[in-house]
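The primary structure of each chain is shown beneath.
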Amino acid sequence: PNPAFALEQEIIREEVQEGLQVAVEKLDEKTEEKQKADHFHNTKHLLQQYRRVAYAVKMSEADLNVRIEMEHGTRLSTFEQNAELAGIDLSNTKLENYARTVMRSKQMMEIINHALEYVKEDPDRGDLLHAVLEQTYFTTRKPRNREEILIALSRRGFDMSMASYHIYLKQAIRAIDRILWGYTARDCMDIIKQFL
């Protein structure tokens, strides 16, 4: 078994599933107070795992491309297109489920990335909230500490104290939370159900 694939499966099933379950409960209109607390926590947890998931998806995609090249003599430069468009029939092969899992994982990452971009559209403080989320959870390298995040935000024109940072971070998590579970989840429920 591929270690990147195993890591991806562990992250997806154990850590992302909690956040997705909260979204499904919200769409089913479960108790609102409990959801707000759990909802925020699970969205924050999902964001904290973003780098690990992105890395696992990238490694799985690279592994899948190598396997396709070995078995079919074709290398896909990006796996954004499905195999059939590249003239490869994966049906009834060992790679079929693996390819489907990689594609679903990439789709889930796209949903999260789009949600981050939608935060920027907020008419009041979209740029600020987007920058706080991006510097905290979406940079390629994890910041060493909060001071490093504050310095990066300052370079982008967002000077703030540590206390202000934490206030904005909570607001930013709530903003992406509403987008992920309030709007995007309805449109992408099939992907989310398959992801679970």
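Here, the structure is the one placed above.
Since the model is a prediction, treat every value here as computed from it, not as a measurement.

Caption draft 1: Molecular detail of the packing of helix H4 (residues 94–119) against helix H5 (residues 126–138). In contact at an axis separation of 8 Å, H4 and H5 are set at 145 degrees when each is read in the N-to-C sense. Mapping the contact onto sequence places Ile-112, Asn-113, Leu-116, Glu-117 and Val-119 in H4 and Gly-126, Leu-129, His-130, Leu-133, Glu-134 and Phe-138 in H5. Across the contact of H4 with H5, the residue classes tally to six nonpolar, three polar and two charged.

Caption draft 2: Inspection of the pattern of salt bridges at higher detail. Applying the stated rule across the entire model yields three salt bridges. Measuring nitrogen to oxygen at the nearest pair gives 2.5 Å for the salt bridge that ties Arg-141 to Glu-148. Given the relative accessible area of 17%, Glu-148 is considered buried. For the salt bridge of Glu-148 with Arg-144, the shortest nitrogen-to-oxygen distance reads 3.2 Å. Put simply, Arg-141, Arg-144 and Glu-148 are held in one network by salt bridges that share partners.

Caption draft 3: Representation of the packing of aromatic side chains. This structure, assessed with the given rule, holds one aromatic pair. With 4.4 Å between their ring centres and 50 degrees between their planes, Tyr-50 and Phe-138 make a pair best called tilted. Of this pair, Tyr-50 sits in helix H3 (residues 50–72) while Phe-138 sits in helix H5; the two residues are 88 residues apart in sequence, bridging distant segments of the chain. Taking relative accessible area as the criterion, Phe-138 reaches 13% and is therefore assigned buried.

Caption draft 4: Representation of the nonpolar core. Ranked by internal contacts, the top residues of the largest apolar core, which has 32 residues, are Leu-133, Phe-138, Tyr-165, Ile-176 and Leu-180. It is helix H7 (residues 162–187) that contributes the most residues to this core, nine residues altogether. Residues Ile-68, Leu-95, Tyr-98 and Val-102 belong to the second largest nonpolar core, which totals six residues.

Caption draft 5: Inspection of the environment of Leu-47 at higher detail. Following the sequence through the fold, Leu-47 ends up in helix H2 (residues 32–48). When the C-alpha positions of Leu-47 and Thr-136 are compared, they lie 8.9 Å apart, and in sequence the two are 89 residues distant.

Caption draft 6: Structural view of the packing of H5 against helix H6 (residues 146–155). Interaxial distance between H5 and H6 falls to 10 Å at its minimum, and their mutual angle equals 135 degrees. Comparing the axis directions of H5 and H6 gives the class oblique. As H5 runs across H6, the sense of the crossing is right-handed. In this structure, H5 contributes Ala-131, Val-132, Gln-135 and Thr-136 to the contact, and H6 contributes Arg-146, Ile-149, Ala-152 and Leu-153. Of the residues belonging to the contact of H5 with H6, the class tally is five nonpolar, two polar and one charged.

What counts and how
- Residues numbered from 1 in each chain as written.
- Predicted model: local features only at pLDDT ≥ 70, side-chain atom pairs only at ≥ 80, totals over all residues.
- Heavy atoms only, no water.
- Axes fitted to C-alpha atoms, helices over the stretch in contact; angles between N-to-C directions.
- Helix = DSSP H or I, 4+ residues; strand = E, 2+ residues; numbered from the N terminus.
- Contact = heavy atoms within 4.5 Å.
- Nonpolar A, V, L, I, M, F, W, Y, C, P; charged D, E, K, R; others polar.
- Salt bridge = Lys/Arg side-chain N within 4 Å of Asp/Glu carboxyl O.
- Buried < 20%, exposed > 50% of the residue type's maximum accessible area, 1.4 Å probe, protein only.
- Phe/Tyr/Trp six-rings, centres within 6.5 Å; stacked < 30°, edge-to-face > 60°.
- Core = buried A, V, L, I, M, F, W, Y, C linked by side-chain atoms within 4.5 Å.
- Parallel < 35°, antiparallel > 145°, perpendicular 65-115°, else oblique.
- Left-handed = near helix turned anticlockwise from the far one by under 90°.

These figures capture arrangement, not role.
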